[in-house]
Amino acid sequence: MVKLKSREEIAQMRPACIAAAATLNMVEQHIRPGITTDAINDLVHEDTLRRGGIPAPLNYHGFPKSVCTSVNHVVCHGIPGDRKLRDGDIVNVDVTTIIDGWHGDTSRTFVVGTPRAKASKIVRVAARALEIGIAAAKPGATLGDIGFAIQQYAEGEGCSVVREYCGHGIGRNFHEEPQVLHYGKPGSGITLEPGLVFTIEPMINLGKAAIKLLKDGWTVVTRDKSLSAQFEHTLAITETGVEVLTRVEAE
């Protein structure tokens, strides 16, 4: 069941959203060849605590770390470890912070060191796909309008949209209704109303859309080993449009 948030509740969510975004901005300054994904996890964990938050991924359904780090052909839910990032890699860092019981969720895909053509393309397309999805989010539109806009753009760029994972409602719970698909038909799905708070987080593959889950029960990869990139914001529908709660300037 979809629960709309009051203006007061949305105001209560803002600190968590701002903190998550600020942590992600901090991480960007440390993305370079040679850093391990475990080091990224430590940075996120310590910065989240410093900002008065709790890292939501840690122990969520048994997830062992404080952040998801998804490298190259990893689509999502990559577990930080001793892997060192190499020049030309891409890595998605997915940060979710809890403050006063409210969640803020955001992610970004970074190019490590020297950009390569394929990496630059998939990162550009995924970033633009998110912005196109946000532009379609307004009172009176539908979730299908968002999914259609993202799908039409990504496929028009010769890329594919992952279908098994989607955006979601968010608030006092990490994941709430509704599910926000990144593909769809215009006019389908629920109508967007003021007070609806959810994430848009398209996972875009450079190759085919097919994915598989690894034996660790978390890590999702592209079947064809093509690069995958993702960007995510938490947003709220307002009376006049949309507020992106996790969009902040660099500190």
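In the block above lies the structure referred to throughout.
Residues numbered from 1 in each chain as written. Predicted model: local features only at pLDDT ≥ 70, side-chain atom pairs only at ≥ 80, totals over all residues. Heavy atoms only, no water.

Enquirer: Just to check I follow, could you spell out the nonpolar core for this structure?
Expert: Across soluble globular proteins, nonpolar side chains have a tendency to be buried as a group. Counting 34 residues, the largest nonpolar core has Ile122, Ile146, Leu192, Phe198, Ile200 and Ile204 as the members making the most contacts within it. If you list the elements that add at least two residues to this core, you get helix H3 (117-135), helix H4 (143-156), strand S9 (197-200) and strand S14 (233-237). When residues of this core are assigned to their parent elements, the largest contribution, nine residues, is made by H3. When near neighbours in sequence (up to four residues on either side) are disregarded, Ile146 contacts Gly133, Ala136, Ala137, Leu192, Phe198 and Ile200. Counting residues in each nonpolar core, the second largest holds 16 residues, with Leu24, Met26, Ile31 and Ile35 among its members. (Core = buried A, V, L, I, M, F, W, Y, C linked by side-chain atoms within 4.5 Å. Buried < 20%, exposed > 50% of the residue type's maximum accessible area, 1.4 Å probe, protein only. Helix = DSSP H or I, 4+ residues; strand = E, 2+ residues; numbered from the N terminus. Contact = heavy atoms within 4.5 Å.)

Enquirer: What exactly am I supposed to notice about the packing of helix H1 (residues 7-28) against helix H2 (residues 37-50) here?
Expert: The relative placement of two packed helices is expressed as an angle between their axes plus a distance between the axes. Two numbers describe how H1 lies on H2: the axes approach to 10 Å, and their chain directions differ by 140 degrees. Between H1 and H2, the angle falls in the class oblique. Crossing geometry of H1 relative to H2 is assigned as right-handed. Judged by residue contacts, Thr23, Met26 and Val27 of H1 engage Ile40, Leu43, Val44, Asp47 and Thr48 from H2. In the contact of H1 with H2, the residues fall into five nonpolar, two polar and one charged. (Axes fitted to C-alpha atoms, helices over the stretch in contact; angles between N-to-C directions. Parallel < 35°, antiparallel > 145°, perpendicular 65-115°, else oblique. Left-handed = near helix turned anticlockwise from the far one by under 90°. Nonpolar A, V, L, I, M, F, W, Y, C, P; charged D, E, K, R; others polar.)

Enquirer: Just checking my understanding: could you explain the pairing of strand S5 (residues 102-111) for this structure?
Expert: Within a regular strand, side chains alternate between the sheet's two faces. The buried count for S5 comes to eight of 10 residues, which makes it a mostly enclosed element. The antiparallel pairing of strand S4 (residues 90-99) with S5 creates a hairpin that spans two residues between the two strands, and Asp100 there sits at a positive phi of about 55 degrees. (Pairing = 2+ DSSP bridges.)

Enquirer: When you look at the layout of surface pockets in this model, what are you seeing that I'm missing?
Expert: Over the atoms rolls a probe the size of a water molecule, and its path tells where empty space is left. Put simply, the largest pocket is a space of about 470 Å³. Residue lining of the largest pocket: 25 residues in total, with His77, Cys166, His168, His175 and Glu201 positioned closest to the centre. Elements with a minimum of two residues in the lining of the largest pocket: S4, strand S7 (167-169) and strand S8 (176-180). Per-element tally for the lining of the largest pocket: the top contributor is S8, with three residues. Split by residue class, the lining of the largest pocket holds 10 nonpolar, eight polar and seven charged. A volume near 210 Å³ is recorded for the second largest pocket. In terms of lining, the second largest pocket is formed by 15 residues, of which the most central are Arg108, Glu131, Phe231, His233 and Arg247. Grouping the constituent residues of the lining of the second largest pocket by class yields six nonpolar, five polar and four charged. (1 Å grid on protein atoms, 1.4 Å probe; cavity = no way out; pocket = protein on both sides within 12 Å on 5 of 7 lines; lining within 4 Å. Points joined across faces, edges and corners; volume = space filled by probe spheres on them.)

In short, the description is geometric, and any link to function would need to be established separately.
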